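Chain by chain, the residues:
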Amino acid sequence: MSMMMVEQDWLGLARKAIAGESITREEALSVIRADDDEVLAIMDAAFRVRKHFYGKKVKLNLIINAKSGLCPEDCGYCSQSRVADTPVTKYPLLEKGVLVDGARKAMEMQVGTYCIVASGRGPTNRELNQVIEAVEEIKSTMPMKICACLGILSEEQAKRLKEAGVDRYNHNLNTSADHYSHITSTHTYEDRIETVETAKYAGMSPCSGVIIGMGESDEQLVDVAFALRDIDADSIPVNFLNAIPGTPLEKLSNLDPRRCLKALALFRFVCPTKEIRASGGREINLRSMQVLALYAANSVFVGDYLTTEGQEASADHAMIEDIGFEIERCAL
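Conventions we followed
Residues numbered from 1 in each chain as written. Predicted model: local features only at pLDDT ≥ 70, side-chain atom pairs only at ≥ 80, totals over all residues. Heavy atoms only, no water. Helix = DSSP H or I, 4+ residues; strand = E, 2+ residues; numbered from the N terminus. Rg over C-alpha atoms; globule rule 2.2 N^0.38 Å. Buried < 20%, exposed > 50% of the residue type's maximum accessible area, 1.4 Å probe, protein only. Areas by Shrake-Rupley, 256 points an atom, 1.4 Å probe, with all protein chains shown as cover. Core = buried A, V, L, I, M, F, W, Y, C linked by side-chain atoms within 4.5 Å. Contact = heavy atoms within 4.5 Å. Expected span 1.5 Å × (residues − 1). Axes fitted to C-alpha atoms, helices over the stretch in contact; angles between N-to-C directions. Parallel < 35°, antiparallel > 145°, perpendicular 65-115°, else oblique. Left-handed = near helix turned anticlockwise from the far one by under 90°. Nonpolar A, V, L, I, M, F, W, Y, C, P; charged D, E, K, R; others polar. Polar contact = N/O pair within 3.5 Å; in protein donor to acceptor, adjacent residues only side chain to side chain. 1 Å grid on protein atoms, 1.4 Å probe; cavity = no way out; pocket = protein on both sides within 12 Å on 5 of 7 lines; lining within 4 Å. Points joined across faces, edges and corners; volume = space filled by probe spheres on them. Phe/Tyr/Trp six-rings, centres within 6.5 Å; stacked < 30°, edge-to-face > 60°. Lys NZ or Arg CZ within 6 Å of the ring centre and 35° of its normal.

Draft legend 1. Region of the structure containing the overall build of the protein chain. Summing up its helical and strand segments, the protein chain has eleven helices and ten strands in all. Relative to the compact-globule value of 20 Å for 332 residues, the protein chain shows a C-alpha radius of gyration of 19 Å, a close match. Overall size of the protein chain, expressed as C-alpha extent along the three principal axes, is 60 × 40 × 35 Å. Across the 332 residues that make up the protein chain, the buried fraction comes to 59%. When the accessible surface of the protein chain is split by element, carbon and sulfur atoms take 50% of a total near 13,900 Å².

Written as structure tokens, this is what we have:
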């Protein structure tokens, strides 16, 4: 097959996505299985979709690790889980003032979405009250979107978060249904789906994503992309496994920058109208090629992640400027 014919195939996927036509599983598989020589053609096609729906704007998100460690779950990728042998700092939920101060710092970094993330299976009533008090003050004083990630929620808890002003709730599917039991045993894939639906029912925008590189097959990666489309996630964080020493997945290291870029393009083609975020692990997995991620992704995390460091916000600002894109200064 000539290079011209290959390029036309990718542009054909872009036209379908822009027209609102769903790509097929076979077409999705062709993206992730494409030869590395086709990466630039794939990213060009993905950019056409991204530009059509989002122009050249980049949404910035910031995480505050509101509660660290102390988690009873056994997620194999996580340094905070009960099965991880890692030197993670452990502390209970941060006080209201600290959470509010974090939002002010996020504003200074030109961040539009402030993400309050807490370890654990789900929030206690006391923890929920602390988050709600902080959210109410943030929303009354700052033009900022708030995303909460507190684990499994009841309908009443979700309702209270929405009433307090939480705009979005994150609960990642992480991987496909048939691979999930290889990653954790203390909760199920169905628990994850139910939590996303609970957040949606309460009126919060659903945020749910994936961690790539946890031993999944190409087919399983496609499965979770279509699952995220089917649950209608508005924001899709695409994480790349950071195989932290002391976690059950510490020996996995099967990603390279080209596969990461093809994965981002895959999610853009499958979920063309959604926020696709280049998320955890992008720095160590995309390395010198991470600027290319913005041709498919229209959103990134700035600053540090939960227990691992990200690059400086100033470096992300420079990267966005260098590529000729612009920061979306208000996410509301």
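Let us keep going from here.
Draft legend 2. Looking closely at the nonpolar core. Counting 97 residues, the largest nonpolar core has Tyr-114, Leu-161, Ile-212, Val-238, Phe-267 and Phe-269 as its most contacted members. Here this core takes nine residues from helix H9 (residues 257-270), the largest share from any one element. Once you skip the residues sitting within four places of it in the chain, Tyr-114 turns out to touch Leu-62, Ile-64, Val-98, Leu-99, Gly-102, Ala-103, Ala-106, Ile-138, Met-144, Lys-145, Ile-146 and Cys-147. Core analysis: the second largest hydrophobic core is formed by eight residues, Tyr-77, Cys-78, Ile-183 and Met-214 among them.

Draft legend 3. A look at helix H3 (residues 39-54). With 16 residues, H3 should reach 22 Å at 1.5 Å per residue; the first-to-last C-alpha distance of 21 Å fits that figure. Residues Val-39, Ala-41, Ile-42, Met-43, Ala-45, Ala-46, Phe-47, Val-49 and Arg-50 constitute the buried set of H3. Looking at the residues trailing H3, positive phi occurs at Gly-55, about 60°.

Draft legend 4. The packing of helix H4 (residues 96-108) against helix H5 (residues 125-141), seen in detail. Running from amino to carboxyl end, H4 crosses H5 at an angle of 40°, the nearest separation of the two axes being 9 Å. Judged on the interaxial angle alone, H5 and H4 are oblique. For the pair H4 and H5, the sense of crossing is right-handed. Residues Lys-96, Leu-99, Val-100, Ala-103 and Arg-104 of H4 form the contact with H5, whose participating residues are Gln-130, Glu-133, Ala-134, Glu-137 and Ile-138. When its residues are assigned to classes, the contact of H4 with H5 shows five nonpolar, one polar and four charged.

Draft legend 5. Layout of the side chain of Glu-275. Residue placement: Glu-275 occurs in strand E8 (residues 275-278). What makes Glu-275 buried here is its relative accessible area of 4%. A polar contact of 3.3 Å, which involves the side chain of Glu-275, links it to the side chain of Arg-277. Each residue touching Glu-275, except ones within four places of it in the same chain, is listed here: Tyr-54, Lys-59, Asn-61, Arg-168, Asp-234, Ser-235, Ile-236, Asn-298 and Ser-299.

Draft legend 6. Broad picture of empty space enclosed by the protein. Here the structure, examined in full by the defined rule, presents two cavities of 30 Å³ or more. Considering only enclosed or pocket space, the largest cavity measures out at about 920 Å³ in volume. Along its surface, the largest cavity is lined by 42 residues, and Tyr-77, Cys-78, Asn-172, Ile-211 and Leu-306 are the ones closest to its centre. Among the elements of the structure, strand E2 (113-118), strand E3 (145-149) and strand E7 (235-240) are those that each provide at least two residues to the lining of the largest cavity. Grouping the amino acids of the lining of the largest cavity by side-chain chemistry returns 21 nonpolar, 17 polar and four charged. Space inside the second largest cavity adds up to approximately 50 Å³. Lys-67, Leu-93, Ala-118, Ser-119, Gly-122, Pro-123, Glu-127, Val-131 and Leu-150 are the residues that line the second largest cavity. Broken down by class, the residue content of the lining of the second largest cavity amounts to five nonpolar, two polar and two charged.

Draft legend 7. Examining the layout of surface pockets more closely. Estimated volume of the largest pocket: approximately 380 Å³. Within the residue set of the lining of the largest pocket, elements represented by two or more residues are strand E1 (57-67) and H4.

Draft legend 8. Representation of the environment of Arg-33. Looking at the secondary structure, you find Arg-33 in the loop between helix H2 (25-32) and H3. Sequence-wise, Arg-33 and Ala-263 are 230 residues apart; in three dimensions their C-alpha atoms are separated by 9.7 Å. Contacts of Arg-33, omitting those with residues within four sequence positions, involve Asp-218 and Glu-219.

Draft legend 9. Structural context of the packing of aromatic side chains. Counting across every chain of the model gives four aromatic pairs. Judged by centre distance (5.9 Å) and plane angle (10°), the rings of Phe-47 and Phe-325 are stacked. Remark: Phe-325 occurs in the loop between helix H11 (313-322) and strand E10 (326-328) and Phe-47 occurs in helix H3; sequence separation between them is 278 residues. The same class applies to Phe-47 and to Phe-325, which are both buried. Judged by centre distance (6.1 Å) and plane angle (65°), the ring pair of Tyr-180 and Tyr-189 falls under edge-to-face. We note that Tyr-180, like Tyr-189, is buried. Of the aromatic side chains, those joined through ring pairs into one cluster are Phe-47, Tyr-295 and Phe-325. Across from the ring centre of Phe-301, 4.7 Å away, lies the NZ or CZ of Arg-277, which sits over that ring.

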